[in-house]
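If you want the building blocks of each chain, they are given just below.
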Amino acid sequence: MNMVALATVARIAPTRGICRRFSSKARNGPTNAVKGMKDRFGDESQRFQLITEKGVRVASLYGYEQISTPILENSRVFERTLGEDSDVVGKELYSFVDKGGDRLTMRPEGTAGITRALIGQHLYHDLPQKYYYFGPMFRHERQQKGRLRQFEQFGIELFGQNHASSDVEVIELASLFLSSLGLKNVTLEINSLGNNASRQIYKEALRHYLAKHEDGLSKDSLNRLSTNPLRILDSKAPQDIEILENCPVLSDYLSVPSQQRFSFITETLAQLNIPFTVNPRLVRGLDYYQDTVFEFKVASSELGPQQGTVLAGGRYDGLVEKMGGIAGVPSIGWAAGMERLSLLLNDQDVPPKTRPVVVIPIPEQNHFSADTLPPSTMALHSHAFVISSALRKQGVKVEFMHLTGTKAQTQKQFARADKMNASHAVLIGSEEMNSGVVTLKCLDSRTEKHCSVDQLLEELGAKSTKKVIE
Ligand code: ATP
Ligand code: MG
């Protein structure tokens, strides 16, 4: 081998080693979810299901119906509406160009897509429209407890009503939703951003005040001083919070109609016994809000200092027009973070799983292979399977114990039944099959009795609350 060839081998060899290691990893594939995104199953899935069910139930009481819009939207749906200098648009969007050259964004929130649908589907011809929605949202944020890159929201949108009582109604709906989940220690903060004219005057006053303190402001806030000083009120940087303590307050700049509107809302909330505090610095992070804004919060100790808000919303009367629809369609809505709600749920508020009935075929023969069941065992297996199917049609939750091998496994199946917290076992041997009966064993009292298949269906079916087929 000449020197050149040797040098070539020396250069290639280590690279090949790395390639081999890498390719075996690539072949096996990554087993972790993408950072900031989570696999959900078991108890957590049950909590999400409960949150959704409660949300749907409460929203239905107010006449809301479900809307589902796509996860992917044209990027302009969000860029134009949420505000180019908002955190969400500025830093957090998952956007890409697809194979057809379209610029798409994975939705970071629900309102813009639903408003796009309202316009595109001409739903605004028949107002009011009331929708609830739930599903995943995507924001490229720093992962923390209760702050993920894929998270779920349950939310509502009301289009076509602008009386202050409709603001109270959506806040009341939110409050009832949170109470239905058994959440205590949630406090409502509310504020009025006023109309555009009064907000412009306030913006100037705030800019003037903050300009005097610009040396102490965080970098983000300094950038926003010229573009959108209102957003600085939403800053979570400690140095900004200190400076904001003595800043001018928006309520001093509200127009008379805005003041009257806000008074109506606070007085009615008091009459409804919904406790709240007015937080004059509450502005919300997105551009489209005006007049009423609100947040339901828990103490910072429960979810971490920056994840205390579990549900937030406000009024956005100009949004439909801004997105290309007709003028004069008022709208208001809120969204709740389902991961945060799930972290706060108490175990006792999550309903226990329905206890199953186990159906166990008991073959006479002790030993057989699961692949080649003797004919009598096959017949028994099918018979028990048919009974399981009939029970399920009666609305009974059934775990059928598929035969897997030796009789010793029948014993294991009893242990499995206990582990599943089964309420009853239905035991079926060949003799029982031939005389059309089963042994029904109550696993709590450990008592057992023989009964016909019809009696079994009647007795267990009567305990089920919902028949699958009437
Ligand atoms: P935050 O101030 O916590 O960043 P936000 O003002 O950006 O919240 P909204 O856009 O108002 O949030 O969304 C409504 C709710 O959705 C929030 O109150 C929160 O409960 C939840 N939420 C928002 N972002 C996330 C996230 N990254 N992970 C989990 N939940 C979230
Ligand atoms: Mg945020």
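In this text, all values refer to a predicted model and were calculated from it rather than measured experimentally.

Engineer: If you had to explain the pattern of salt bridges to someone new, which residues and values would you point to?
Structural biologist: Inspection of the entire model under this criterion finds 16 salt bridges. Taking the shortest distance from any N to any O, the salt bridge between lysine 38 and glutamate 44 comes out at 3.5 Å. Exposure remark for lysine 38: the relative accessible area of 53% places this residue in the exposed category. The class for glutamate 44 is partly exposed, based on a relative accessible area of 22%. Residues joined in a network through salt bridges with shared partners are Asp167, Arg261, Arg315 and Asp317.

Engineer: Account for the UniProt feature "binding site: L-histidine" (unreviewed entry) in the chain, naming residues and giving values.
Structural biologist: Per the UniProt entry, the sites bearing "binding site: L-histidine" (unreviewed entry) are Glu109, Gly110, Thr111, Arg139, Gln153, Glu157, Arg284, Tyr288 and Tyr289 in this numbering. With respect to the secondary-structure elements, arginine 139 resides in the loop between β5 (129–138) and β6 (150–159). Beyond its immediate stretch of four places on either side in the chain, arginine 139 contacts Val88, Glu92, Tyr94, Pro108, Glu109, Leu148, Arg149, Phe151 and Gln153. Inspection of the secondary structure puts glutamate 157 in strand β6. Discounting residues that sit within four places of it in the chain, glutamate 157 has contacts with Tyr64, Gly110, Thr111, Ile114, Gln129, Lys130, Tyr131, Tyr133, Tyr316, Ile332 and Gly333. Within the structure, glutamate 157 has its side chain in polar contact with the side chain of threonine 111 (distance 2.7 Å).

Engineer: Just give me the short version of unusual backbone geometry, but keep the residues and values in it.
Structural biologist: Omega for the peptide link from leucine 127 to proline 128 comes to 0°, which places this bond in the cis form. Although it is not a glycine, asparagine 421 sits at a positive phi angle of roughly 60°. Taking relative accessible area as the criterion, asparagine 421 reaches 41% and is therefore assigned partly exposed. The phi torsion at arginine 446 lies on the positive side, around 60°, for a residue other than glycine. The residue arginine 446 is located in the loop between β15 (437–442) and β16 (448–452) in this model.

Engineer: Lay out the sheet that holds strand β3 (residues 94–97) in plain terms, naming residues and giving numbers.
Structural biologist: Spatial strand order, β2-β4-β3: three strands in an open sheet with antiparallel pairing. One side of each edge strand has no neighbouring strand; the edge strands of this open sheet are β2 (72–74) and β3. Adjacent strand axes in the sheet meet at a mean angle of 35°, parallel and antiparallel pairs treated alike. Taken together, the four bridges between β3 and strand β4 (residues 103–106) define a ladder with antiparallel strand orientation. Within β4, the residue paired with serine 95 across the bridge is threonine 105.

Engineer: Quick rundown of the pairing of strand β14 (residues 424–429)? Include the residues and the values.
Structural biologist: In terms of burial, β14 is a largely internal element, six of the six residues being buried. Of the two faces of β14, the one carrying His424, Val426 and Ile428 and the one carrying Ala425, Leu427 and Gly429 are both buried. Direction of pairing for strand β12 (residues 357–362) relative to β14: parallel, over a ladder of six bridges. Note on β14: the bridge partner recorded for valine 358 is alanine 425.

Engineer: Residue-level account of the site of ligand 1, with values.
Structural biologist: Around ligand 1, the structure places 17 residues, and the nearest of them are Arg139, Glu141, Arg147, Lys236 and Arg284. At 3.0 Å, a backbone N or O of threonine 309 approaches an oxygen atom of ligand 1. Arginine 340 places a polar side-chain atom, nitrogen or oxygen, 3.1 Å from an oxygen atom of ligand 1. Expressed as a share of its isolated accessible area of 580 Å², the protein-covered part of ligand 1 is 91%. Listing elements by their share of the shell around ligand 1, those giving two or more residues are β6, β10 (309–315) and β11 (331–337). Residue contributions to the shell around ligand 1 peak at four residues, all from β10. For the shell around ligand 1, the class distribution of residues is six nonpolar, five polar and six charged.

Conventions adopted
Residues numbered from 1 in each chain as written. Chains lettered and ligands numbered in written order. Predicted model: local features only at pLDDT ≥ 70, side-chain atom pairs only at ≥ 80, totals over all residues. Heavy atoms only, no water. Salt bridge = Lys/Arg side-chain N within 4 Å of Asp/Glu carboxyl O. Buried < 20%, exposed > 50% of the residue type's maximum accessible area, 1.4 Å probe, protein only. UniProt positions renumbered as here; feature names shortened; annotations may be inferred. Helix = DSSP H or I, 4+ residues; strand = E, 2+ residues; numbered from the N terminus. Contact = heavy atoms within 4.5 Å. Polar contact = N/O pair within 3.5 Å; in protein donor to acceptor, adjacent residues only side chain to side chain. Pairing = 2+ DSSP bridges. Axes fitted to C-alpha atoms, helices over the stretch in contact; angles between N-to-C directions. Near = heavy atom within 4 Å. Areas by Shrake-Rupley, 256 points an atom, 1.4 Å probe, with all protein chains shown as cover. Nonpolar A, V, L, I, M, F, W, Y, C, P; charged D, E, K, R; others polar.

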